[in-house]
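Here are the chains, one letter per residue:
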Amino acid sequence: MANNHAHAPAPLGGSLLTPFTLLLGALSAIAGIILAYRFFYGLGAVTNINDGYPWGIWVAYDVVVGSALACGGFVMALLVYIFNKGQYHPLVRPALLASLFGYTLAGVSVIFDLGRWWNFWHIFWPGYAQVNSVMFEVAVCITAYIVVMWIEFSPAFLEKIGMKDVKRKLDKLLFFFIALGVLLPSMHQSSLGSLLVIFGQQIHPLWQSGMLLPVIYLMTAVLLGFAVVIFEATLSSTGFGRPLETKVLTPLSRIMWGLLASYVALRVLDLLWRGALGTAFAATWQAFWFWVEMACFIVPLATLASDSARRSASKLFTAAVLLMAGGMLLRINGFLVGYQTGDGWHYFPSFAELMVTVGIIAFEILAYIVFVRKFPVLPAAQPATR
Amino acid sequence: MDRRTFFKASLAGGAALATGAASCPAQARGNKDLPPEALGLLFDSTLCVGCKACVAACKEANDMPPEFSTKDQYWDTPLDLSGKTLNVIKAYRNGTMEAKDRVENGFAFSKKSCMHCVDPSCVSACPVSAMQKDPKTGVVTYDKDACIGCRYCVAACPFGVPRFTYDKAIPQISKCQLCVHRLKDGKYAACAEVCPTGATLYGTVADIKKEIARRKTLEPGKQAMFPRGRLGGPDQSYPNVVGKYLDHTYGEKEFGGTQMLMLSGVPFEKLGYPDLPPRSDAALSETLQHTLYGGLIAPIAVLGALTFVARRNVKPEDEEGEQHGK
Amino acid sequence: MANQRMENMSETYIEETAEAASTVANRLGINRREFLQFCAATATTLGLPTGAEAAIAKAVEKAKRPSVIWLHFQECTGCSESLLRAEHPTLEKLILDVISLDYHETLMAAAGHQAEAARKAAMKAHKGKYVLVVEGAIPVKDNGIYCKVGGHKAIDMVKECAADAAAVIAIGSCASWGGMPSTEPNPTGASSVGDVLGKPVVTIPGCPPNPYNFLATVVHFLTFGSLPAVDQLGRPKFAYGRIIHEHCERRAHFDAGRFALEFGDEGHRKGYCLYKLGCKGPETYANCSTIGFGDAGESNWPVGCGHPCIGCTEKGVGFTKPIHQTAVLRGMSPPASYPGIVEQQGKASFAAAAALAAIAGTAAGGAAMLAKNLGKQDAEQQPRQKGE
């Protein structure tokens, strides 16, 4: 355990100008141009959203999936600081950084999607704020969490810019922000599911779990957090040519597997309880995507069942990717595939709409690369661990 | 150490959840009640002749632009409610369309405009109070100056009523507000005012319910008097043939009730009105939210527990980490 | 068939029309231009294609004028008056030229026994060829004693005259379906010609009917040797095939929801739709909205001058429903332009779908490659771990 603690974070260094970062930059720039167009000519000029599908991928993917994929920091904080699993400490900072970008961009992309974005502050303003709204809760918690995450992450900057005093003072209070950093995402990740409650029958029975929606969304958010940590750890190890962290990831995946098993059980029981499982056998797109989604959860449940399987970096990575796809599909299915406000409405994102989402993801990766190269995020590589 | 803290955390969390759960019955809410002076509309599909006078009058009264769905853009031809259309008459068609108000080989007209739900989803969904239900008249109004344009109301409404102007750089929600802006001039809903057959009637929900009860006692095929314009206003009634009403009054029970009520000769599902449960989705959603967050009791309790645990775990680790870093 | 015949005729149009026109014109004392105008107007009323006026001109010029016996029963003679008081100065002349009116109680010079004798003579001379026109309803109650002409009961006269007629035309609403005399409680048992004869006859309802509708029917008979196509009520389809509302000049106001609410109000003065004042246009079949009423000229028909249509041509509407009672819209299946309950809305582009598929494919492929590489590393590490 002590060995793991020794992974003190350090900047990676290295060149920022690579073909890959240039590609990411170009994609981000394209998204920027499209967004400029959107702000001058309206959402309809760029997106395919309509009154039958008022929420497109900018909500379903950029915000709902985007924030869930950014749950790595939340899950690591939960494990390390609340359940005191100190051995995962090296994973905290990179996960937190990914979360920070994920959430910040999810928050920013809300602005892209808001029709009357200049009124955004109304949500926080007494007199305007409407506390019965699930959206209010989501917006307030996400915003608060973004702030909390920047504070949580600030030691990395403060170290860099040498503000030792501030850092020391902050360190003393950090536990409170960490507690908040666990509470807030639990609140809004569950509430992202609660958003669907008021849609009632407009959500296909396969995804309209009613009062269980917050539980389902929170459980999958945590699962996604685990999956993303494994995914990012593997990716940054191979991407930056660093040793694999399988030894840390294996016990992590054991916890993840337990959670996954209980989630799948809950999901199936809920469907049975509500008598909705029958609709999964109809010849509909909804049923098809339901099975794809469920496969993404059930396959990792099978492949990661044994400890030896969990030691395989390849199997871990595949399972993580599948889980990410599953969590993503659950949300896309709930918000788009399973949403129907009436017959005759069609929606598929436009090319420009897709490019904005792609651009946001590209920007997120780009910023991550810049940060880990310039700031102490990733644990310093020690040849001994290999 | 691990184990102990874990149990502590579990206990604290459990206590917090229990507190939240204990406060749950007090905050669970049922459907809201009909406001005392609730205003509404009665749409009687059997009386509607499909003249679209209400569509035209609505556009004029609310200063809405025409909308085109045909290649030659001569006439206002909205397909549905939209950012430019607050009220629309749709046609149910089947086969040869020989007879009105018949399912097989018949046709019927359907009006779509805001139902002014007793417990509206849009009001519950709106995070910034841009959607409001008047406490006295129950009219669901929209304030664009408060609106952030998130379109949660558009997505939440089961009737597909709030619409959004996607083609505008400064967009807004469009929805029927029962012509409340005309009340001060002594006028009422333009759609009811111009309706030549009284298919759309304006009045208090109480009066409308009385009128519905009266119509249901009439003998189909016989002549009877039908009011036009506003119930309780100047008498504009005229004789017409009584239609064959279904037993069902739409909006009486659906979704906790609506202030626009409907009579028809063909099932409402054929007219594009969904079969909705008696409980409003707003009641469900708010019950859930209040159970979890009512008075912020549960979140604060959980935060307390988390802070306590985090304080024990964070400090030594970070110091340790820092030492290692040097 | 009629069209074919007409086309054959129109081939010789150029040579013959001029001659025919001048002959008739001379006979009537009108100029050729006016005669051709009449022919064209009649052809238009009948809904015939271009060139038909030639056929009509020829028929009018050459055909032997059919003998017409015109009977009057329970009526006001308004139908005859509407023919005679036609606005165009030559119309009545034309009518009298087109037909040989052998018996008409109002117009004939003869009286008393002379008149009866003229009728009998005409019936005998033109047996099986004459046209019988009936104006007015026929009372059938109490053996039909409520209407007698020259000691003969109307019911007997109509049966007698119809027996040898080549065609029977009921002119006006009274003869067509009972009209005003048949209004509840109908004390005389006023009935239509069709009901009394027990067979369908051509009806030209209206109170009074448009003279052109009558004239066009007769001219059709002259030109083609047959009566025009009629609906199930015996009404010529060219005149009664459509509802007044469908072609009403005020229809745009109806569609736009602009209604006159009372006589003399702003909407009424602006010429808005009279539906709310009880206009029966939406349930009345007639061509008033296209050719006007009577021969009074364009826009001179009840709706044109601000009064709601009372539905005079329509049984069960005219003289039956209160004048200001709102009409029941008839035969109005929703226009094609009306939106259906479900309309296909929203966009989905194929290019975007392809792009998304490409992105998803690339991501999946990348993940699979990485997993494969990791698998190799696993395989390298496994023996080492076992060795430890």
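All of these numbers come straight from a predicted model, not from anything done at the bench.

What counts as what
Residues numbered from 1 in each chain as written. Chains lettered and ligands numbered in written order. Predicted model: local features only at pLDDT ≥ 70, side-chain atom pairs only at ≥ 80, totals over all residues. Heavy atoms only, no water. Helix = DSSP H or I, 4+ residues; strand = E, 2+ residues; numbered from the N terminus. Contact = heavy atoms within 4.5 Å. Areas by Shrake-Rupley, 256 points an atom, 1.4 Å probe, with all protein chains shown as cover. Phe/Tyr/Trp six-rings, centres within 6.5 Å; stacked < 30°, edge-to-face > 60°. Buried < 20%, exposed > 50% of the residue type's maximum accessible area, 1.4 Å probe, protein only. Lys NZ or Arg CZ within 6 Å of the ring centre and 35° of its normal. Pairing = 2+ DSSP bridges. Buried area = accessible area lost by both parts, 1.4 Å probe. Salt bridge = Lys/Arg side-chain N within 4 Å of Asp/Glu carboxyl O. Polar contact = N/O pair within 3.5 Å; in protein donor to acceptor, adjacent residues only side chain to side chain. Nonpolar A, V, L, I, M, F, W, Y, C, P; charged D, E, K, R; others polar. Domains from an automatic or database assignment. Axes fitted to C-alpha atoms, helices over the stretch in contact; angles between N-to-C directions. Parallel < 35°, antiparallel > 145°, perpendicular 65-115°, else oblique. Left-handed = near helix turned anticlockwise from the far one by under 90°. Lys, Arg positive; Asp, Glu negative; His and termini not counted. Core = buried A, V, L, I, M, F, W, Y, C linked by side-chain atoms within 4.5 Å.

Visitor: Please give an account of the overall build of chain C that cites residues and values.
Guide: Across its full length, chain C holds 16 helices and 9 strands. The long-range fraction of contacts in chain C, counting pairs at least 24 apart against all pairs at least 6 apart in sequence, stands at 73%. Within the structure as shown, chain C displays about 17,900 Å² of accessible surface, and the carbon and sulfur contribution to it stands at 55%.

Visitor: How would you sum up the packing of aromatic side chains? Please name residues and give values.
Guide: All chains considered together, the criterion is met by 40 aromatic pairs over all chains. A ring pair is formed by F101(A) and F371(A), whose centres lie 4.9 Å apart and whose planes are at 85 degrees; its orientation type is edge-to-face. Taken together, the positions of F101(A) in helix α5 (residues 89–113) and F371(A) in helix α13 (residues 351–374) put the pair 270 residues apart, joining distant regions of the chain. For F101(A), a relative accessible area of 8% translates into the label buried. For F371(A), a relative accessible area of 14% gives the class buried. An aromatic cluster is built from Y53(A), W55(A), F199(A), Y217(A), F335(A), Y339(A), Y347(A) and Y152(B), whose rings are joined through pairwise contacts. Sitting over the face of the ring of Y273(B), K112(B) holds its NZ or CZ atom 5.5 Å from the ring centroid. Over the aromatic face of Y103(C) sits the side chain of R119(C), whose NZ or CZ is 5.9 Å from the ring centroid.

Visitor: How would you summarise the sheet that holds strand β4 (residues 106–112) of chain B if you had to cite specific residues and measurements?
Guide: All names here are of chain B. The 3 strands are arranged β2-β4-β3 in an open sheet whose pairing can be described as mixed. One side of each edge strand has no neighbouring strand; the edge strands of this open sheet are β2 (88–93) and β3 (99–100). Relative to β4, β2 runs antiparallel, the two sharing 6 bridges. When the bridges of β4 are listed, R93 appears paired with F107.

Visitor: Hey, could you go over the interface of chain B and chain C for me, with residue numbers and the actual values?
Guide: You'll often see interface size given as the accessible area lost when the parts meet. With 33 residues of chain B in contact, the opposing surface of chain C contributes 23 residues. Of the roughly 2,300 Å² buried between chain B and chain C on both sides combined, carbon and sulfur atoms contribute 59%. At the boundary of chain B with chain C, the tally comes to 0 salt bridges. On inspection of chain B and its partner chain C, the count reaches 10 residue pairs in polar contact (both at pLDDT 80 or more). For the side of chain B that touches chain C, the secondary structure elements donating two or more residues are α3 (53–61), β2, β4, α7 (190–194) and β11 (238–241) of chain B. Examining the composition of the side of chain B that touches chain C, we find that 6 residues originate from one element, β2(B), more than from any other. When grouped by side-chain class, the residues that make up the side of chain B that touches chain C number 19 nonpolar, 7 polar and 7 charged.

Visitor: Go over the domain arrangement of chain C, please, and point to the residues and values.
Guide: Residue and element names in this part refer to chain C. Here chain C is partitioned into domain 1 (63–240) and domain 2 (242–332). With centres defined by C-alpha atoms, the gap from domain 1 to domain 2 works out at 28 Å. Contact with domain 1, which involves 21 residues of that partner, is made by 16 residues of domain 2. Here domain 1 packs against domain 2, burying approximately 1,600 Å² in sum over the two surfaces, 54% of which is carbon and sulfur. Seen at the junction of domain 1 and domain 2, the total is 1 salt bridge. Here R235 ties to E314 by a salt bridge, and the two come within 3.1 Å at their closest N and O atoms. Seen at the junction of domain 1 and domain 2, the total is 8 residue pairs in polar contact (both at pLDDT 80 or more). Only α9 (172–177), α11 (211–224) and α12 (237–240) provide two or more residues apiece to the side of domain 1 that touches domain 2. For the side of domain 1 that touches domain 2, the class distribution of residues is 12 nonpolar, 7 polar and 2 charged.

Visitor: An account of the side chain of E116(C) is needed here, citing residue identities and associated values.
Guide: Residues and elements named next belong to chain C. Looking at the element boundaries, E116 is found in helix α7 (residues 112–125). Separated by 3.3 Å, the side chains of E116 and Y103 make a polar contact. For E116, the residues in contact, after removing those within four places along its chain, are Y103 and H152.

Visitor: How would you summarise the pairing of strand β7 (residues 167–171) of chain C if you had to cite specific residues and measurements?
Guide: All names here are of chain C. Most of β7 sits out of view: 5 of its 5 residues are buried. Here β7 shows a buried face lined by A167, I169 and I171 and a second buried face lined by V168 and A170. Inspection of the sheet shows strand β3 (residues 131–135) paired to β7 by 5 bridges, in the parallel sense. The residue bridging E135 from the neighbouring strand is I171, located in β7.

Visitor: Describe the sheet that holds strand β9 (residues 200–204) of chain B, and please don't skip the residues or the numbers.
Guide: All names here are of chain B. The 3 strands lie next to each other as β9-β1-β12, forming an open sheet whose pairing is mixed. Here the strands that pair on one side only, and so sit at the sheet edges, are β9 and β12 (260–263). The mean angle between the axes of side-by-side strands here comes to 20 degrees, regardless of whether they run parallel or antiparallel. Here 4 bridges tie strand β1 (residues 39–44) to β12, and the two strands are oriented parallel to one another. In the sheet register, L42 faces β12, and the bridge partner there is L261.

Visitor: Kindly report on the environment of L301(A), identifying the contributing residues and their values.
Guide: Residues and elements named next belong to chain A. Following the sequence through the fold, L301 ends up in helix α10 (residues 285–303). Residue classification places L301 among the buried positions, given a relative accessible area of 19%. Separated by 224 residues in the primary sequence, L301 and A77 place their C-alpha atoms 24 Å from one another. Those residues in contact with L301 that sit more than four places away from it in its chain are W257, L260, A261 and V264.

Visitor: Go over unusual backbone geometry with me, naming the residues and quoting the values.
Guide: In the segment running from E184(C) into P185(C), the intervening peptide bond is cis, with an omega of 5 degrees. In this fold, P185(C) is placed in the loop between α9 and β8 (190–191). Note that the residue after C207(C), namely P208(C), is joined by a cis bond; omega there is -5 degrees. Even without glycine at this site, N84(A) takes up a positive phi of about 55 degrees.

Visitor: I'd love a proper account of the interface of chain B and chain A, names of residues and values included.
Guide: Contacts between the two partners involve 72 residues from chain B, matched on the other side by 69 residues from chain A. Where chain B abuts chain A, roughly 5,900 Å² becomes buried across the two surfaces, and 59% of that area is made up of carbon and sulfur atoms. Seen at the junction of chain B and chain A, the total is 32 residue pairs in polar contact (both at pLDDT 80 or more). Broken down by secondary-structure element, the contributors of at least two residues to the side of chain B that touches chain A are α1 (2–22), α4 (121–125), α5 (152–156), β7 (163–164), α9 (281–293) and α10 (297–325) of chain B. Top element by residues in the side of chain B that touches chain A is α10(B). It accounts for 16 residues. The residue makeup of the side of chain B that touches chain A, split by class, is 38 nonpolar, 17 polar and 17 charged.

Visitor: Tell me what's going on with the packing of helix α8 (residues 213–239) of chain A against helix α9 (residues 246–273) of chain A, and back it up with residues and numbers.
Guide: Residue and element names in this part refer to chain A. As a packed pair, α8 and α9 sit with axes 10 Å apart at the nearest point and diverge in direction by 150 degrees. Comparing the axis directions of α8 and α9 gives the class roughly antiparallel. Judged by the twist between their axes, the crossing of α8 over α9 is left-handed. Contacts between α8 and α9 involve V215, I216, M219, T220, V222, L223, F226, A227, V229, I230, A233 and T234 on the former and, on the latter, L249, L252, S253, I255, M256, L259, L260, S262, Y263, L266, R267 and D270. Classifying every residue of the contact of α8 with α9 gives 18 nonpolar, 4 polar and 2 charged.

Visitor: Describe the side chain of D281(B), and please don't skip the residues or the numbers.
Guide: As for its position among the elements, D281(B) is in helix α9. No salt bridge is formed by the buried D281(B); its nearest oppositely charged neighbour, R279(B), is found at 8.2 Å. For D281(B), the residues in contact, after removing those within four places along its chain, are V197(A), I198(A), F199(A), G200(A), Q201(A), S121(B) and F255(B).

Visitor: Hey, could you go over the packing of α5(A) against α8(A) for me, with residue numbers and the actual values?
Guide: All names here are of chain A. Between α5 and α8, the least distance of the axes is 10 Å, while the angle of their chain directions is 105 degrees. Here α5 lies roughly perpendicular to α8, going by the angle between them. Touching L91, P94, A95 and A98 of α5 are V229, E232 and A233, all from α8. For the contact of α5 with α8, the residue count by class is 6 nonpolar, no polar and 1 charged.

Visitor: Any details on the pattern of salt bridges? Residues and values, ideally.
Guide: Close approach of charged atoms allows side chains of opposite charge to pair. Across all of its chains, the model carries 25 salt bridges over all chains by this definition. A network of salt bridges, in which partner residues are shared, links D51(A), D80(B), K90(B) and R163(B).

Visitor: Requested: an account of the nonpolar core, with residues and values cited.
Guide: Grouped together as the largest cluster of nonpolar side chains are 165 residues, with contacts concentrated most on M76(A), F199(A), L252(A) and Y152(B). Broken down by element, this core gets its largest block of residues, 15 residues, from helix α6 (residues 134–161) of chain A. Each of domain 1 (2–28 + 290–311) and domain 2 (39–279) of chain B accounts for three or more of the residues forming this core. Among residues more than four places away in sequence, those in contact with L252(A) are M76(A), L79(A), Y88(A), L91(A), F226(A), V229(A) and I230(A).

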